[in-house]
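What follows is each chain in one-letter form.
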Amino acid sequence: MKKKIRDLFLLSLLCLGIAQSLLAQNVTVKGKVTDEKGEMIPGASVTVKGSQQGTLTDAEGMYSIDVASNATLVFSFLGYLKEEVAVSNRSTIDVSLKADTKALEEVVVVGYGTQRKVETTGSIASVKAADLVQTPVANIAQGLQARVAGVQINQNSGSPGGNISVRIRGTNSINGSSEPLYVIDGIQVSNGGGITNVSPLSTINPNDIESVEVLKDASASAIYGARAANGVILITTKRGKNGGTRVTYDGYYGSQKVNKTLDVLNASQFAELENEVFKNNYYPDPASLGEGVNWQKLIFRKAPIQNHQLSINGGSEKTQLAMSLNYFDQDGTLIGSQFQRYSYRLNLDHRISKNVKVGTSILGSYSIANGIQTGGTNIGDGGAVLSSVLGAAIGAPPTLQPYRADGSIFPFGEQAGGQYREVVNPLNFSAVLNKRSIKRTLANIYGEISLLKGLTYRASFNLDQKGELFDGYSPRSIVNKSDLNDNSGSGTKANSNYLALLHESILTYSTTFAKNHSFKATAVFGTQLEQGNSNTMNASGFPNDATKNEAMQLALTRTISSGRSSQRLDSYMARVNYGFKDKFFLDITARADGSSKFGANHKYGVFPAVSAAYRIIEEPFMKDISWLSDFKLRGSYGITGNAGGIDPYQSLSTVASGNSYMINHTYVTGIEPTGIANPDLRWERSKQANIGIDISLLNNRISVIADVYHKKTDDLLYVKTLPLSSGYGAITGNFAALQNKGLELAVNARILDGKLKWDVSANTTINRNKVLGLDGGITTERFMTTYTILKVGQPLGMFKTYVFDGVNQTGETILPGYDGRVGGHKVKDVTGDGQITAADQVIVGNPNPKFIYGFSTNLSYAGFDFAAFISGSQGNDIYNASRLSFENPLGQRNLLAGVANRWSPTNPSNQYVSGFQGGRLPISNYVVENGSYLRCKNITLGYTVPRFKGVQGIRLYVSANNLFTITKYSGYDPEVNTYAGSNTIIGVDNFVYPQSKSFLGGIQVTF
């Protein structure tokens, strides 16, 4: 009996195996893959679900694959929804894929609301949060560099937390600000400041950003009226999402170093030059001195950089929460420089009922910036080595010593018998206290209520509060002993506070009617109050350095100053959006702004804009063009304003403290008039026209965006000189005009979308600006420096100098009017009149690039990801002013290495002048250089570890930043401007803090 049961059981297993084998036998499946129109789709992916097996359709959309008869096939193609089909022993399976309409439903932030991307009629560019933080940046704008067509971003200083300049579609002002308006979760923030200032944007953690939209043309930015002439950058921070709570740690650590140092004369060469210049034998045996001290090695260092962030995100259907804590620490590659930031973020949204929602956004930060002085404006004289640590390092004699025997800094005046008192030990700069501590809070509280179907009211209350403390102290210890006096040791304490309060009421109505028509109306009322105050105390003559600037009362001399200002802006805005069949769109916007800063006759300004779009792809005759996914034409015209260049009270008659007078044996400080009233003072206005085209190809695989624009900015603020008989030197008014026109092109492509994913993007911008008028036609040209001009009919910041013509050789005639010498630089007699006059100065360079560009690529495969990003500028000139100081062998300072080949009777160089005590090199195009460059901004390689229990994801990565720069420029860094955010003096290099390359490793963990 047992045997029968066993045999029956074995027989059953055999039958089951045979049946399973029959059911799972392989079959060859063939078929075609088409779209909804019946058009064949070549390159579509056909894979077996749950396995690595797969194939692609051929040029005719046909495929063939051997699979198990019970398998499931997955059909997919970029721009279409995936389709799963069970084989069920079939040999022929044809599939029609449906288009993925997500591209049409993608939403972008447009200010006071959102729009579907397909509905946008203005020029708006979006940047992903992941792209912003691909490189380790302290500043939001740094992450935007070269990623958006039409936006030029220059890192004015490589100092940690250093300032930047952002120009959207060119420079739009002369004396006013050309920086865009930043709107962070509805809070309006402005960027500005000099090259040594900490950028306001550096106080905000870039890792908190969800998305960035750049509003470039007038129709997109006119909703911000009087502050939108320079474009608007909308920043949205990360908010909570429904679902389980997610905790994420994101951190990296790395090292930075300077990209290059400059070659200078060694100790032997320097000693030879000194003997030649002073015609003595101070150094009896120069050759014995060798290389000497390399001062650049002493001031540059390898510097660490690190960032750590802990984020929590989650919520339910009613309440969503996002919060983060961040610590960022960057030491500078120049000794004594550092930037630290501690920040937190809290975003909370809560739905009280079906119709009522409330929420808040709070960003707080505490930043500490320790700076070091770079980028002085002195050229050709001793000031060049006194105003910058870099100038001091180049000019420091390599024959002197950096430290005393006890390790303290050794002042140069106490060495070599006091011969080198005109130069300073570069290490002095690191001993000077230059510290800024900044506390900042950005807060928004909102309430939103649905009044009727489609009708919503939102009230928001915003706060921007900043407090800054500057501590400065120059110690007695770095002063030569023989120079110590009652003024030695100087300190500064400066406090400034800023408060901006903004309320906005936003009413939105949205509806559709007659099936094909969409309508949306938005009305806004806003009122903003800005207040600022400051107080500064300067003191000198400290008895010692023990207390630095913490006991100002110990100083012999003290001065104080203080100030306070207030301004208000009231605004009214209306916008109407209309759409028909996702084919035609029309947007009309008008905003009225009234400001207390402007003259009595122009308190209010009105800024209208209109734009339209036509999606040709929706026309019936386009349906047969299968390779074209989208085709949209856009056009806009509008007027925007710029109030950023006017400080409060400039439209009024002003007075200030003046000279001191002796009255009855007592000094009395007088009050004197300083400003003349101008009741017609008003905002600068930009009138901009834009034509754009958006094209998507191959099922949205490739997208192309192109824009052509023309922008004229008139009523520009300009300081006009007044006759002395008026009692005033000048008046600020709306006297000038400027034009920008250009072309923008951006291309994005998803080349591969299978297991190996590969996408690339590129953009380029061509912008041409021109001065149309200065002061109402009274003057057509004005020198801003000895080498930079404003000239009607020319771009901003043009270089105008004499033309370098080699070196005066023995026996050559030196033209009258020119203080030349044998062995010195000569300049060209351009006019041919036999003498050198101001008429021989001509335009010799243009600091504005012919075009700028950016390119990025991203690849991922089997958990690995790779990204690379480059940026560049082409066709711009740089005025390398530092060479006027350090190729001039006048003695007592070291020089650039090329001067070793200087002119002499036996070495008739036609470039480097002979050693000569005193005098300057003439201001000529000798130092105008090609500033074009291509820079590898970032290369990143990452790996995502497969998920395991308790951990949603782990990604490890390594990154190289500013890896290399291809340029012909001879200075430290071609991305440079000594005059920081100036609109009129650009492309000037006089030893600005150079950018550094960095290498780092990081980890991202989500629980």
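To be clear, the structure that these remarks concern was listed above.
First, a word on what this report is: a plain description of the structure on this page. (Residues numbered from 1 in each chain as written. Predicted model: local features only at pLDDT ≥ 70, side-chain atom pairs only at ≥ 80, totals over all residues. Heavy atoms only, no water.)

## Considering the sheet that holds strand β45 (residues 928-930)
With mixed pairing, the 3 strands of this open sheet are ordered in space as β45-β44-β48. Each of the sheet's edge strands pairs with one partner strand only, and the pair in question is β45 and β48 (988-989). (Pairing = 2+ DSSP bridges. Helix = DSSP H or I, 4+ residues; strand = E, 2+ residues; numbered from the N terminus.)

## Brief notes about the nonpolar core
Of all hydrophobic cores here, the largest spans 51 residues; its most connected members are Ile299, Leu334, Leu390, Tyr879 and Phe886. Sorting the residues of this core by element identifies α6 (267-278), α7 (295-299), α8 (389-395) and α10 (882-886) as the ones contributing at least two each. Per element, the largest residue contribution to this core is 5 residues, and it comes from α8. Listed in part, the 25 residues of the second largest apolar core include Ala125, Val127, Val148 and Val166. (Core = buried A, V, L, I, M, F, W, Y, C linked by side-chain atoms within 4.5 Å. Buried < 20%, exposed > 50% of the residue type's maximum accessible area, 1.4 Å probe, protein only.)

## Re the sheet that holds strand β7 (residues 95-96)
Here we have 3 strands laid out as an open sheet, ordered β4-β1-β7, and mixed in their pairing. With one partner strand each, in any of the chains shown, β4 (62-68) and β7 form the two edges of the open sheet. Pairing geometry for strand β1 (residues 26-34) and β7, over 2 bridges, is parallel. The residue bridging Thr34 from the neighbouring strand is Ser96, located in β7.

## A short note on the packing of aromatic side chains
Tallying each qualifying case throughout the model produces 23 aromatic pairs. Aromatic pair Phe270 and Tyr420: ring centres 6.0 Å apart, planes at 45 degrees, arrangement tilted. Separated by 150 residues along the polypeptide, Phe270 in helix α6 and Tyr420 in the loop between α8 and α9 (428-431) bring together distant segments of the chain. Geometrically, the ring pair formed by Phe525 and Tyr572 is tilted, given 5.3 Å between the ring centres and 45 degrees between the ring planes. Of this pair, Phe525 sits in strand β25 (residues 517-540) while Tyr572 sits in strand β26 (residues 557-580); the two residues are 47 residues apart in sequence, bridging distant segments of the chain. Under the relative-accessibility criterion, Phe525 is labelled partly exposed at 29%. For Tyr572, a relative accessible area of 43% gives the class partly exposed. Three or more aromatic residues joined by ring pairs make a cluster, and in this case those are Phe270, Tyr282, Tyr283 and Tyr420. Between the NZ or CZ atom of Arg893 and the centre of the ring of Phe886, over which it lies, the distance is 5.9 Å. For the cation-ring pair, Arg935 lies above Tyr933, with the distance from its terminal atom to the ring centre recorded as 5.5 Å. (Phe/Tyr/Trp six-rings, centres within 6.5 Å; stacked < 30°, edge-to-face > 60°. Lys NZ or Arg CZ within 6 Å of the ring centre and 35° of its normal.)

## Describing unusual backbone geometry
With glycine set apart, most residues show a phi of negative sign, and most peptide bonds adopt trans. Here the phi dihedral of Tyr112 falls at roughly 55 degrees; this positive angle occurs in a residue that is not glycine. You can see Tyr112 is positioned in the loop between β8 (107-109) and β9 (114-116).

## Here's the deal with the environment of Ile153
Note that Ile153 resides in strand β11 (residues 151-155). Taking the C-alpha atoms as reference points, Ile153 and Glu975, separated by 822 residues in sequence, lie 9.7 Å from one another.

## Considerations on the environment of Ala613
Locating Ala613 in the fold gives a position in strand β28 (residues 604-615). Under the relative-accessibility criterion, Ala613 is labelled buried at 5%. Along the sequence, Ala613 and Leu363 sit 250 residues apart, while their C-alpha atoms lie 37 Å from each other. Setting aside chain neighbours within four positions, we find Ala613 in contact with Thr120, Thr121, Lys583, Phe584, Phe585, Lys632, Leu633 and Arg634. (Contact = heavy atoms within 4.5 Å.)

## Let's talk about the pattern of salt bridges
For the structure on display, the rule yields 38 salt bridges. A salt bridge links Glu744 to Lys216, with the shortest nitrogen-to-oxygen separation between them at 2.9 Å. Taken as a pair, Glu744 in strand β34 (residues 730-753) and Lys216 in the loop between β15 (209-215) and α5 (218-221) lie far apart in primary sequence, 528 residues in all. Given the relative accessible area of 1%, Glu744 is considered buried. Linking Arg935 and Asp973 is a salt bridge whose minimum nitrogen-to-oxygen distance equals 2.8 Å. With Arg935 in strand β46 (residues 933-945) and Asp973 in the loop between β47 (953-967) and β48, this pair connects stretches of sequence that are 38 residues apart. Of the two residues, Arg935 and Asp973, neither departs from the other in class, the shared state being buried. Each of Arg682, Arg685, Lys687, Asp714 and Asp715 takes part in a single network of salt bridges with overlapping partners. (Salt bridge = Lys/Arg side-chain N within 4 Å of Asp/Glu carboxyl O.)

## Considerations on α6
With 12 residues, α6 ought to run about 16 Å at 1.5 Å a step, and its terminal C-alpha atoms sit 16 Å apart, in line with that. For α6, the full list of buried residues reads Ala267, Ser268, Phe270, Ala271, Leu273, Glu274, Asn275 and Val277. For α6, the N-terminal capping position is held by Asn266, with its side-chain oxygen 3.2 Å away from the main-chain nitrogen of Ser268. Lys279, located one to two residues past α6, shows a positive phi value of around 50 degrees. (Expected span 1.5 Å × (residues − 1). Polar contact = N/O pair within 3.5 Å; in protein donor to acceptor, adjacent residues only side chain to side chain.)

## Overview of a nonpolar patch on the surface
A cluster of nonpolar residues, Val576, Leu586, Ile588, Val610 and Tyr637, forms a patch on the protein surface that exposes about 390 Å² of accessible area. By the element assignment, Val610 lies in strand β28. Note on Val610: relative accessible area 38%, which makes it partly exposed. (Patch = residues over 30% accessible without salt bridge, like charges linked within 9 Å, V, L, I, M, F, W, Y side chains within 5 Å. Areas by Shrake-Rupley, 256 points an atom, 1.4 Å probe, with all protein chains shown as cover.)

## Some remarks on the pairing of strand β32 (residues 684-697)
Along β32, the buried face is formed by Glu684, Ser686, Gln688, Asn690, Gly692, Asp694 and Ser696; none of Arg685, Lys687, Ala689, Ile691, Ile693, Ile695 and Leu697, which line the opposite face, is buried. The pairing of strand β29 (residues 628-642) with β32 spans 14 bridges and is classified as antiparallel. Each bridged residue has a counterpart across the sheet, and for Gly638 the counterpart in β32 is Gln688. Where β32 lies against strand β33 (residues 702-721), 13 bridges are found, and the strand directions are antiparallel. Its bridge partner being in β33, Lys687 is matched across the sheet by Lys712. Counting the residues in the hairpin turn of β32 and β33 gives 4 residues, including Leu698, whose phi is positive at 50 degrees.

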